[in-house]
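Examination of the molecular architecture
Listed below, chain by chain, are the residues.
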Amino acid sequence: MIAILDYGSGNLRSAARAFELADSQTVVTNDPDICAEADGLVVPGVGAFAACMQQLIAAGGKEIIDARVKASKPLFGICVGMQILFSQSSEKGQTGGLNILAGEVTEIAAPVLPHIGWNTVVAARESKLFAGLTDSYFYFVHSYAAKGAVANAKNSYANYGEVFLAAVERDNVVATQFHPEKSGDAGARLISNWVQSL
Amino acid sequence: MTLAKRIIPCLDVAGGRVVKGVNFLNLKDAGDPVELAKRYGQEGADEITFLDISASVEERTTTLEIVSRTAEQVFIPLTVGGGIRTTQDVDRLLRAGADKVSINTAAIARPQLINEISDRFGNQVLVLSVDARRAGTKSGYEVTTHGGRESADLDALVWIEEAIERGIGEILLNSMDADGTKEGFDLPMIEDVRAISRVPVIASGGAGVIGDFAKAIESGADAVLAASVFHFGEIKISDIKAAWREQGIAVRD
């Protein structure tokens, strides 16, 4: 069973449907018990970092995520749902994140922002998430990103003005800066890769 | 490792149906927006835009249903425009499954709407649609309303700069001079808007032949949007992509 964490952030319908295609037992919820017991927890997120953190905390999401990470249970952060796993972000002033992954989220150095559209990802060697997805395009929509490699993790990168982290896989925590649920066939394959690994 | 240039078909919808001319063959129901969105997705569309031209509240409610049905079946980004006046309208559309919304007249009437939407949902959800034409304003372009029939008494470049400052994520630039002519995009206007924009620019209006799209990209557009040339099967998205690939323009496979 896949739980998609509902804390009031953005379009969950596509995410729910996209994960449902890989695992028919997909629910959208912020129930702590369901989130704790699910085989995989998806943490979506759109909008500003600070607003997402506020909503997450208000919905009890911080405890849910911390508990899962502590228990080494699989978690998948998407877009701002990836960013909030890091230590902090400089979007609209410094805001602390969940500090599950060390590093800072900062504005991308590119003349035209947001970075909107389909871009390719250079996948980490032996990445499970990107199995069978060499040189595929994924849909991004963001202005901020984590830049440096996460220690002891498989780091995959994209380039827009500068190189930034497109995806990270560390133990049972995986995250993508792009939206796999909006990335057509390539996204469906990536979601399926994750669900198969659970 | 390059951001691909995007091709976006636009569908006018009302009362749960695609309205205005759509003339596909071998489609069970040419008037079903979900079927058309799926078909465009299969042909390589990078995003889909629905323009809601509903005339009544009842019709508008139906639009939410088609947005939901589309979002559950077509896994590429979906933008919805038309009749958005409040953050409540945006919230309803995002919950239904839209990824972005586009606003036009309501923002001209009340520019603060831009701040309200971007403060709550982030600027990445907000596309400012600008119907612009040549005029004797300072920049040489003015904003129009009512499908180009009326002047908004607003310099187009001044308006775009203000909107970027207030918090939009993209500009949908519709040339009212080129629209419907099929003689190509308004390239100088694309260049002039590109020069003052630090957000992506989607060019619209005037596409007639495959080569027109590359010219819009070369003039600085990040994406191109068209309706009738796609609906009537005059131009295939896959043919534009093939041409772009030959010209070295980055496209998604």
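Residues numbered from 1 in each chain as written. Chains lettered and ligands numbered in written order. Predicted model: local features only at pLDDT ≥ 70, side-chain atom pairs only at ≥ 80, totals over all residues. Heavy atoms only, no water.

With respect to the overall build of chain A
Each helix and strand in chain A was counted, giving 6 helices and 13 strands. On C-alpha atoms alone, chain A measures out to a radius of gyration of 15 Å, which is about the 16 Å that the 2.2 N^0.38 rule sets for 198 residues. With 198 residues in all, chain A has 58% of them scored as buried. At a minimum sequence separation of 6, the contacts of chain A that also span at least 24 residues come to 66%. For chain A, the exposed surface amounts to about 7,400 Å²; the carbon and sulfur share of it is 47%. (Helix = DSSP H or I, 4+ residues; strand = E, 2+ residues; numbered from the N terminus. Rg over C-alpha atoms; globule rule 2.2 N^0.38 Å. Buried < 20%, exposed > 50% of the residue type's maximum accessible area, 1.4 Å probe, protein only. Contact = heavy atoms within 4.5 Å. Areas by Shrake-Rupley, 256 points an atom, 1.4 Å probe, with all protein chains shown as cover.)

Quick notes on the sheet that holds strand S1 (residues 2–5) of chain A
Residues and elements named next belong to chain A. Strand order in the open sheet formed by 7 strands is S2-S1-S3-S4-S13-S12-S11, with mixed pairing between adjacent strands. Each having just a single partner strand, strand S2 (26–29) and strand S11 (154–160) make up the two edges of the open sheet. Each neighbouring strand pair of the sheet contributes to a mean axis angle of 25 degrees, computed without reference to strand direction. Two strands pair when backbone bridges link them, and strand S4 (residues 75–78) and strand S13 (residues 173–176) are joined in this way by 4 bridges, in the parallel orientation. Looking at S13, one finds that Gly 77 is bridged to Ala 175. Most of the contacts of helix H4 (residues 61–70) go to strand S3 (residues 40–43), to which it runs at about 140 degrees, and overall it touches S1, S3, S4 and S13. (Pairing = 2+ DSSP bridges. Axes fitted to C-alpha atoms, helices over the stretch in contact; angles between N-to-C directions.)

Considerations on the packing of helix H5 (residues 112–121) of chain B against helix H6 (residues 156–166) of chain B
All names here are of chain B. Relative to each other, H5 and H6 sit at 30 degrees, their axes nearing to 8 Å. Like other packed secondary-structure pairs, H5 and H6 cross with a definite hand, here right-handed. Contact with H5, carried on its side by Gln 112, Ile 114, Asn 115 and Ser 118, involves Trp 159, Ala 163 and Arg 166 of H6 and no other residues of that element. Looking at the contact of H5 with H6 residue by residue, the class counts come to 3 nonpolar, 3 polar and 1 charged. (Left-handed = near helix turned anticlockwise from the far one by under 90°. Nonpolar A, V, L, I, M, F, W, Y, C, P; charged D, E, K, R; others polar.)

Side note on unusual backbone geometry
All names here are of chain A. The linkage connecting Leu 113 with the following residue, Pro 114, adopts the cis geometry, with an omega of 0 degrees. As for its position among the elements, Pro 114 is in the loop between strand S7 (101–107) and strand S8 (115–120). Even without being a glycine, Ser 72 presents a positive backbone phi close to 55 degrees. Along the chain, Ser 72 turns up in the loop between H4 and S4.

A short note on the pattern of salt bridges
Per the stated rule, a full pass over the model turns up 29 salt bridges over all chains. Ionic pairing is found between A:Lys147 and A:Glu162, a salt bridge with its closest N-O pair at 2.9 Å. With A:Lys147 in the loop between strand S10 (144–146) and S11 and A:Glu162 in strand S12 (residues 162–170), this pair connects stretches of sequence that are 15 residues apart. In this structure, B:Glu170 and B:Lys100 form a salt bridge, with 2.8 Å as the shortest nitrogen-oxygen distance. (Salt bridge = Lys/Arg side-chain N within 4 Å of Asp/Glu carboxyl O.)

Comments concerning empty space enclosed by the protein
Residues and elements named next belong to chain B. As enumerated under the stated definition, the model contains 2 cavities of 30 Å³ or more in all. Computed from the structure, the largest cavity encloses a volume of approximately 50 Å³. Around the largest cavity, the lining residues are Ile 8, Glu 47, Thr 49, Thr 79, Ser 102, Val 127, Leu 172, Ile 202 and Leu 225. Taken together, the residues that form the lining of the largest cavity break down as 5 nonpolar, 3 polar and 1 charged. Computed from the structure, the second largest cavity encloses a volume of approximately 30 Å³. Looking at the second largest cavity, the residues that line it are Leu 173, Ser 175, Phe 185, Asp 186, Met 189, Ile 190, Ala 203 and Ser 204. Those elements giving two or more residues to the lining of the second largest cavity turn out to be strand S9 (170–175), helix H7 (187–196) and strand S10 (201–204). (1 Å grid on protein atoms, 1.4 Å probe; cavity = no way out; pocket = protein on both sides within 12 Å on 5 of 7 lines; lining within 4 Å. Points joined across faces, edges and corners; volume = space filled by probe spheres on them.)

Here's the deal with the sheet that holds strand S5 (residues 86–89) of chain A
Hydrogen bonds between backbone atoms are what pair the strands of a sheet, whose relative direction is either parallel or antiparallel. All names here are of chain A. With respect to topology, 4 strands assemble into an open sheet ordered S6-S5-S7-S10, the strand pairing being mixed. Since the sheet does not close on itself, it has two edges, and those belong to strand S6 (95–96) and S10, each with one partner. For S5 and S6, the ladder comprises 2 bridges, and the chain directions are antiparallel. The residue of S6 that forms the bridge with Gln 88 is Gly 96.

Overview of the pairing of S13(A)
Residues and elements named next belong to chain A. Side-chain alternation along S13 places Val 173 and Ala 175 on one buried face and Val 174 and Thr 176 on a second face that is also buried. Direction of pairing for S12 relative to S13: antiparallel, over a ladder of 4 bridges. Across the sheet, the residue bridging to Ala 167 is Thr 176, located in S13. If you look at the hairpin formed by S12 and S13, you'll find 2 residues sitting between the two strands, and Asp 171 has a positive phi there, around 50 degrees.

Brief notes about the packing of aromatic side chains
Under the criterion given, the structure shown has 12 aromatic pairs over all chains. Each ring, one from A:Phe130 and one from A:Phe178, has its centre 6.0 Å from the other, and the planes form 65 degrees; the classification is edge-to-face. Of this pair, A:Phe130 sits in the loop between S8 and strand S9 (137–142) while A:Phe178 is found in the loop between S13 and helix H6 (184–197), placing the two residues 48 residues apart along the sequence. We note that A:Phe130, like A:Phe178, is buried. Arranged with centres 5.9 Å apart and planes meeting at 90 degrees, the rings of A:Phe140 and A:Phe164 form a pair that is edge-to-face. Taken together, the residues A:Phe140 in strand S9 and A:Phe164 in strand S12 connect sequence positions 24 residues apart. The pair A:Phe140 / A:Phe164 is uniform in exposure class, with both members buried. Among the aromatic side chains, those forming a connected cluster through ring pairs are A:Phe130, A:Phe138, A:Phe140, A:Phe164 and A:Phe178. Its guanidinium or amino end placed over the ring of A:Trp118, B:Arg252 lies 3.7 Å from that ring's centre, counting from NZ or CZ. (Phe/Tyr/Trp six-rings, centres within 6.5 Å; stacked < 30°, edge-to-face > 60°. Lys NZ or Arg CZ within 6 Å of the ring centre and 35° of its normal.)

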